[in-house]
Amino acid sequence: MKIKDVISALDGFAPLPLQEDYDNAGLQVGLTEVEVSGALLCLEATEEIVAEASEKGCNLIVTHHPLIFHKLGQVTDANYVQRTVMKAIQQGITIVSMHTNLDSAEGGVNYMMARRLEMDMSTIKLLGEHEVNGVKGGLGIVGEFSEAMSAKDFIEKVKETFGVKCAMTNELLRRPIKRIGICGGAGSFMLQQAAEAKADAFLTGEMHYHEYFGHEQEIQIVVIGHYESEQYTINLLEEIINQQCPEVKTYKTGIITNPIKYY
């Protein structure tokens, strides 16, 4: 199986036309006509990730966040992006990214978050639904738990599910929580749509300070960190490739690429 066949399988699940205008998902570095020796799955490509792929005998790296997000004026050792590009080329490793197209796809990043939370998947609907070339997408979702719970219990469930020691929230909601809006990563722009969809709570990775104001007792905001919210995207990539390209060996990275540290 060639690398282009794996890319085709990924694109079949989350078509590139679903990506946002500002994004740069898809092929980042390398060749696609070569046979795939293995695929390393991660949130982002770094020099350490390239070294890990080489050690595992993988000539394909599949990331969530694009390595090349802004135009490169040169490829030198000036920063980690350029160094990673150089090392990938030197090692004969191809890098492919599935970013906002995977965020928007039905069954994508937000659905994986809902699955990890053990929500009732039959209730899940897209937020901000749109259609591109006949394919439905939406950068957020809304759905329900089978049973309601208190705000405190919901926050504790989120913390346990995503392995975080603390979460940023607004004041505790004084009514039961059952209906949840979700947008992984920097998803604060979906807060209002979640509220309009009658969600009791909204879960995301990032929000600005002033965005917490004005929603007291309207909706429970829970923010857990960008990396933390999207960490299970690696599992989703593994599922897609294993189902569509079962002969391809996949490896989940052992490197935590989150640049944010907590003390």
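Notes on the structure in this doc start here.

Cut-offs used in this document
- Residues numbered from 1 in each chain as written.
- Predicted model: local features only at pLDDT ≥ 70, side-chain atom pairs only at ≥ 80, totals over all residues.
- Heavy atoms only, no water.
- Helix = DSSP H or I, 4+ residues; strand = E, 2+ residues; numbered from the N terminus.
- Polar contact = N/O pair within 3.5 Å; in protein donor to acceptor, adjacent residues only side chain to side chain.
- Contact = heavy atoms within 4.5 Å.
- Pairing = 2+ DSSP bridges.
- Axes fitted to C-alpha atoms, helices over the stretch in contact; angles between N-to-C directions.
- Core = buried A, V, L, I, M, F, W, Y, C linked by side-chain atoms within 4.5 Å.
- Buried < 20%, exposed > 50% of the residue type's maximum accessible area, 1.4 Å probe, protein only.
- Parallel < 35°, antiparallel > 145°, perpendicular 65-115°, else oblique.
- Left-handed = near helix turned anticlockwise from the far one by under 90°.

Turning our attention to the side chain of aspartate 200. Following the sequence through the fold, aspartate 200 ends up in the loop between helix H7 (191-196) and strand S11 (201-204). Side-chain polar atoms of aspartate 200 contact the backbone nitrogen of lysine 178, separated by 3.0 Å. When residues no more than four places from it in sequence are discounted, the contact partners of aspartate 200 are Leu173, Arg175, Pro176, Ile177, Lys178, Arg179, Ile219 and Gln220.

Right, let's talk about the pairing of strand S8 (residues 140-149) for a bit. Here strand S5 (residues 120-127) runs beside S8; their pairing, made up of four bridges, is antiparallel. Bridge pairing in S8 places leucine 126 opposite isoleucine 141. For S8 and strand S10 (residues 177-183), the ladder comprises five bridges, and the chain directions are antiparallel. Paired with methionine 149 across the bridge in S10 is isoleucine 177.

Moving on: the sheet that holds strand S2 (residues 39-42). Whenever strands of a sheet pair, they do so through backbone hydrogen bonds, lying parallel or antiparallel. Strand order in the open sheet made by the five strands is S1-S4-S3-S2-S13, with mixed pairing throughout. Strands with a single pairing partner mark the edges of an open sheet, and in this sheet they are strand S1 (26-29) and strand S13 (250-252). Between one strand axis and the next, the sheet turns by 25° as a mean value, whatever way the strands run. Of the pairings in the sheet, the one linking strand S3 (residues 60-63) to strand S4 (residues 94-97) comprises four bridges and is parallel in character. Its bridge partner being in S4, threonine 63 is matched across the sheet by serine 97. Each of S2 and S3 is contacted by helix H2 (residues 47-55), which is oriented at about 150° to S2, the strand it contacts most.

A separate point is the nonpolar core. Counting residues in each nonpolar core, the largest one holds 51 residues, and the members touching the most others are Phe154, Phe162, Ile182, Leu203 and Ile241. Excluding residues that lie within four positions of it along the chain, phenylalanine 162 makes contacts with Met113, Leu117, Leu203, Ile224, Glu228, Ser229, Gln231 and Tyr232.

All right, on to the packing of H2 against helix H3 (residues 80-91) then. Between H2 and H3, whose axes approach to 8 Å, the crossing angle comes to 15°. Comparing their axes, H3 and H2 come out roughly parallel. Considering the relative orientation of H2 and H3, their crossing is right-handed. Across from Glu47, Val50 and Ser54 in H2, the residues of H3 making contact are Tyr80, Arg83, Thr84, Lys87, Ala88 and Gln91.

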